[in-house]
Amino acid sequence: MKEIKAEDFTESVARALQFISYYHPADFIEAMSEAYKNEKNEAAKNAIAQILVNSRMSAEGHRPICQDTGVVVAFVKVGMDARWQGGKTIQEMVDEGVRRAYAFEKNPLRASMVSDPAGTRKNTKDNTPAIVHVELVQGDEVEVTVAAKGGGSENKSRFTVLNPSDSVVDWILGELPKMGADWCPPGMLGIGIGGTPEKAMVMAKEVLMEPLDIHALKKRGPKNRAEELRLEIFEKVNKLGIGAQGLGGLTTVLDVKVKDYPTHAASLPVAVIPNCAATRHIDFKLTGKGAAEFEPPSLDLWPKLHADFSSGARRVNVDGITKGEIAKWKAGETVLLSGKILTGRDAAHKRIQDTLESGKSLPPGVDFKGRFIYYVGPVNPVPGEVVGPAGPTTARRMDKFTEFMLEKTGLLGMIGKSERGPNTIEAIKKHGAVYLMAVGGAAYLVAKAIRSSKVVAFEDLGMEAVYEFEVKDMPVTVAVDSSGRAIHQIGPALWREKIQKGEVEAAKA
Ligand code: SF4
């Protein structure tokens, strides 16, 4: 019988979370590198290159891959003959590990968890509590899988109960385009089929923790219906042409994982959970011999890519820029931004709107007239950094504020990730504004373009405060131009057509 000390468990969780904050899993890097090699759409290829360069920089710098360092999910398999020392519950031990990891001085991670989710939404400050799934198994050891899941991809989870005769593949192919690029593709899909609604959701999450092996599966051939579905969904999803960051292209998914379970004769529950460009998970085992150790990957794993994304790009300074100048920018064009921009995301937008609607003025320093807003909640810096990783957050969440911001504050442009809704595109056109996208999952790379940073308002909102950043050559793509042309509509439609006509070949298993 093995004795598992609470301290070993907690320290292992803390080490695992630090490790995955800056090291992508090796199989993920290999699959992403292959997607880079095969991609024919230059914009999508450039986005994948940014993800890979960012990944290597994070591995070298031991700083987070993405500014959203995630909600912690732990799957804990406890051997029925293992004995615990320390008198703590598994939830308490995991949470202590999360606290330790997220406050680690050399690499602090962003605390994203809020309590009272339908009310005050107060940040818990230490990223606890984690979501913990416990299973009792044979044996006397403890096996743990720890993941840090970003909000953008979690928000795109889907669930349905189909009729038993309905097609799972058709439902998934119908959902994918609606999920847009908010989940930062290319990534993986975890699919849970059967059981009950909650069982299907947990299976979809758990199966995402398995290695990427779609090519090995194709080679050996499927042995059951779940494996047949993996191959079919992988090829059909990639033929949709959504591509990296939704720009249109040949790889939307790097793998598709399916787990199934018997279900009621009347039901066919299906859950889908995506894993994004910041795929982060790791397994470890406790055998009573101390805390887990993790082996850093070799830097040879990463392809040798240049971090220069300036080729063919338009260089602009946004200080004092006019509507006339931004009217020349075209959807799909790469722009290198320099100058001063303000930041703001969900909580700041709500406060700005509430303040102005109540007839009060915004604090000094928060003047959006003729300026750009960057939707971001950065990681706190460590000594030597201006700001921690600071990639874009999902722009669509700010759609409900956009008409107000353009109309009432004189805002000129926005920077975020993935697409905007139809009403927002109309508002952009009406006001002659522009929406630029930065690559989701390239947060450390983007942060290198930020030369100075200061909080100018709403400091109490923590990472959601309004900052002023001075940027130099920040790489962005014109996603909605001032005439209302949207690259997330044009790109996928064009590449889907090319795939259908046989001019190019989507990623195959
Ligand atoms: S890669 Fe995208 S979806 Fe994933 S954590 Fe980062 S911002 Fe969120």
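Here's a quick rundown of the structure. (Residues numbered from 1 in each chain as written. Predicted model: local features only at pLDDT ≥ 70, side-chain atom pairs only at ≥ 80, totals over all residues. Heavy atoms only, no water.)

This next bit is on the overall build of the chain. Of regular secondary structure, the chain possesses 15 helices and 19 strands. For 509 residues, the compact-globule formula gives about 23 Å, and the C-alpha radius of gyration of the chain, at 23 Å, lands near that figure. Based on the C-alpha atoms only, the size of the chain along its principal axes is roughly 70 × 55 × 45 Å. In the chain, which comprises 509 residues, the share counted as buried stands at 58%. (Helix = DSSP H or I, 4+ residues; strand = E, 2+ residues; numbered from the N terminus. Rg over C-alpha atoms; globule rule 2.2 N^0.38 Å. Buried < 20%, exposed > 50% of the residue type's maximum accessible area, 1.4 Å probe, protein only.)

Another point: the sheet that holds strand β10 (residues 253-263). In spatial order, the strands read β8-β11-β9-β10; together these four strands make up an open sheet with mixed pairing. Strand pairing shows two members of the sheet lacking a second neighbour, β8 (158-162) and β10, which therefore form its edges. Neighbour-to-neighbour, the strand axes of this sheet turn through a mean angle of 15 degrees, independent of strand direction. Strands in contact with helix α9 (residues 225-238) are β9 (187-195) and β10; relative to β10, the strand with the most contacts, it is inclined by about 145 degrees. (Pairing = 2+ DSSP bridges. Axes fitted to C-alpha atoms, helices over the stretch in contact; angles between N-to-C directions. Contact = heavy atoms within 4.5 Å.)

Phe9, Leu17, Val76, Val94, Val142 and Phe284 are the most contacted members of the largest nonpolar core, which totals 103 residues. Apart from residues no more than four positions distant in its own chain, phenylalanine 284 is found in contact with Ser12, Val13, Ala16, Val142, Glu143, Val144, Val146, Ala292 and Phe294. Listed in part, the 29 residues of the second largest apolar core include Phe372, Val434, Ala449 and Ala465. (Core = buried A, V, L, I, M, F, W, Y, C linked by side-chain atoms within 4.5 Å.)

This brings us to the environment of isoleucine 373. Secondary-structure assignment places isoleucine 373 in strand β15 (residues 372-374). You can call isoleucine 373 buried: its relative accessible area is 0%. Taking the C-alpha atoms as reference points, isoleucine 373 and leucine 411, separated by 38 residues in sequence, lie 7.6 Å from one another. Setting aside chain neighbours within four positions, we find isoleucine 373 in contact with Leu342, Thr343, Gly344, His349, Phe368, Met405, Leu411, Gly413, Met414 and Ile415.

In this section: the site of the ligand. Around the ligand, the structure places Cys66, Gln67, Asp68, Gly150, Gly152, Ser153, Cys184, Cys276, Ala278, Arg280, Lys417 and Gly441. Its residues assigned to classes, the shell around the ligand shows four nonpolar, five polar and three charged. (Near = heavy atom within 4 Å. Nonpolar A, V, L, I, M, F, W, Y, C, P; charged D, E, K, R; others polar.)

Our next topic: the packing of aromatic side chains. Within this structure, the stated rule accounts for eight aromatic pairs. Each ring, one from tyrosine 467 and one from phenylalanine 469, has its centre 5.7 Å from the other, and the planes form 50 degrees; the classification is tilted. Phenylalanine 469 gets classed as buried once you look at its relative accessible area, which sits at 0%. Taking the ring centre of tyrosine 261 as reference, the NZ or CZ of lysine 199 above it sits at 4.3 Å. (Phe/Tyr/Trp six-rings, centres within 6.5 Å; stacked < 30°, edge-to-face > 60°. Lys NZ or Arg CZ within 6 Å of the ring centre and 35° of its normal.)

So, about the pattern of salt bridges. All chains considered together, the criterion is met by 44 salt bridges. Of the charged contacts, one joins aspartate 213 and lysine 257 as a salt bridge, the two residues approaching to 2.9 Å between their closest N and O atoms. Here aspartate 213, found in the loop between α7 (197-207) and α8 (214-220), pairs with lysine 257, found in strand β10; they are 44 residues apart in sequence, far enough to count as distant. Residue aspartate 213 is classed as partly exposed on the basis of its relative accessible area of 30%. Via salt bridges that share partners, Glu7, Glu11, Arg15, Arg100 and Glu293 belong to a single interconnected network. (Salt bridge = Lys/Arg side-chain N within 4 Å of Asp/Glu carboxyl O.)

Next up on the list: the sheet that holds strand β7 (residues 142-149). With mixed pairing, four strands are arranged side by side in an open sheet as β6-β2-β7-β12. The two strands at the open ends of the sheet, each matched to only one other strand, are β6 (131-137) and β12 (281-286). Taken pair by pair, the neighbouring strands of this sheet meet at an average axis angle of 15 degrees, ignoring direction. In terms of strand pairing, strand β2 (residues 71-79) meets β6 through seven bridges, oriented parallel.

Right, let's talk about the side chain of threonine 355 for a bit. Mapped onto the elements of the fold, threonine 355 is located in helix α11 (residues 346-357). The residues touching threonine 355, leaving out its near neighbours within four places in the chain, are Lys360, Ser361 and Leu362.

Let us now look at the side chain of asparagine 107. Following the sequence through the fold, asparagine 107 ends up in the loop between α4 (90-102) and β4 (114-115). Given a relative accessible area of 2%, asparagine 107 falls into the buried group. Here arginine 63 takes part through its side chain, which lies 2.8 Å from a polar atom of the side chain of asparagine 107. If we skip the residues at most four places from it in the chain, asparagine 107 touches Gln18, Ser21, Tyr22, His62, Arg63, Pro64, Ala101 and Val382. (Polar contact = N/O pair within 3.5 Å; in protein donor to acceptor, adjacent residues only side chain to side chain.)

What follows covers the pairing of strand β11 (residues 268-275). For β11, the tally of buried residues reaches eight of eight residues, placing the bulk of the element in the interior. Burial along β11 is two-sided: Leu268, Val270, Val272 and Pro274 and Pro269, Ala271, Ile273 and Asn275, pointing in opposite directions, are all buried. Where β8 meets β11, five bridges bridge the pair, whose relative direction is antiparallel. Among the inter-strand pairings, leucine 162 is bridged to a residue of β11, identified as leucine 268. Pairing of β9 with β11 involves six bridges; the strand directions are antiparallel. Residue isoleucine 191 lies in a different strand from β11, and its bridge partner there is valine 272.

With that settled, the discussion passes to the packing of helix α1 (residues 6-22) against α4. The contact between α1 and α4 brings their axes to 8 Å, and the two run at 45 degrees. Viewed along their axes, α1 and α4 adopt a mutual orientation that is oblique. As α1 packs across α4, the resulting crossing turns out to be right-handed. Between α1 and α4, the residues in contact are Ala6, Glu7, Phe9, Thr10, Glu11, Val13, Ala14, Leu17 and Gln18 and Ile90, Met93, Val94, Glu96, Gly97, Val98, Arg100, Ala101 and Tyr102, respectively. In terms of residue class, the contact of α1 with α4 is made up of eleven nonpolar, three polar and four charged. (Parallel < 35°, antiparallel > 145°, perpendicular 65-115°, else oblique. Left-handed = near helix turned anticlockwise from the far one by under 90°.)

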